[in-house]
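# Working through the structure, step by step
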Amino acid sequence: MTPEQVKALIEAALPCEQVDVEGDGHHFYAAIISSAFAGLKLLERHRLVKERLKVQLDSGELHAL
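In this report, the structure presented in the accompanying data block is examined. (Residues numbered from 1 in each chain as written. Predicted model: local features only at pLDDT ≥ 70, side-chain atom pairs only at ≥ 80, totals over all residues. Heavy atoms only, no water.)

## Points about the overall build of the protein chain
In terms of helices and strands, the protein chain carries 3 helices and 2 strands. In the protein chain, the succession of α and β elements from N to C terminus is α-β-β-α-α. Along the longest, intermediate and shortest principal axes, the C-alpha atoms of the protein chain span 30 × 20 × 20 Å. Evaluated residue by residue, the protein chain yields a buried proportion of 25% over its 65 residues. (Helix = DSSP H or I, 4+ residues; strand = E, 2+ residues; numbered from the N terminus. Buried < 20%, exposed > 50% of the residue type's maximum accessible area, 1.4 Å probe, protein only.)

Here it is, written out as structure tokens:
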């Protein structure tokens, strides 16, 4: 999976104002600005993203985010 593919998954899963993804094909770092995060703590934001990408994470298609 490429950073561009991960970015597209995130953008499809959440309303995003900005998404930047970096990664080496196995491990990815995403900086996300989303209105869906309003009022949420950092850990809650992280859980929301992982919940929305659960299928890809569970299948191993997306290894680490």
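Next comes the rest of the write-up.
## Quick notes on the pattern of salt bridges
A pair can form between side chains of opposite charge whenever their charged atoms are brought close. Throughout the structure, instances matching the rule amount to 1 salt bridge. The closest approach of N and O atoms between D58 and K54, which form a salt bridge, is 2.6 Å. One end of the pair, D58, and the other, K54, are both in helix 3 (residues 54-59), 4 residues apart, so they sit about a helical turn from each other. (Salt bridge = Lys/Arg side-chain N within 4 Å of Asp/Glu carboxyl O.)

## Focus: the environment of D24
With respect to the secondary-structure elements, D24 resides in the loop between strand 1 (16-23) and strand 2 (28-34). D24 sits in the exposed class, given a relative accessible area of 55%. Distance in space between the C-alpha atoms of D24 and L57 is 16 Å, their sequence separation being 33 residues. Here the side chain of D24 touches H27 through a polar contact of 2.8 Å, landing on its backbone nitrogen. (Polar contact = N/O pair within 3.5 Å; in protein donor to acceptor, adjacent residues only side chain to side chain.)

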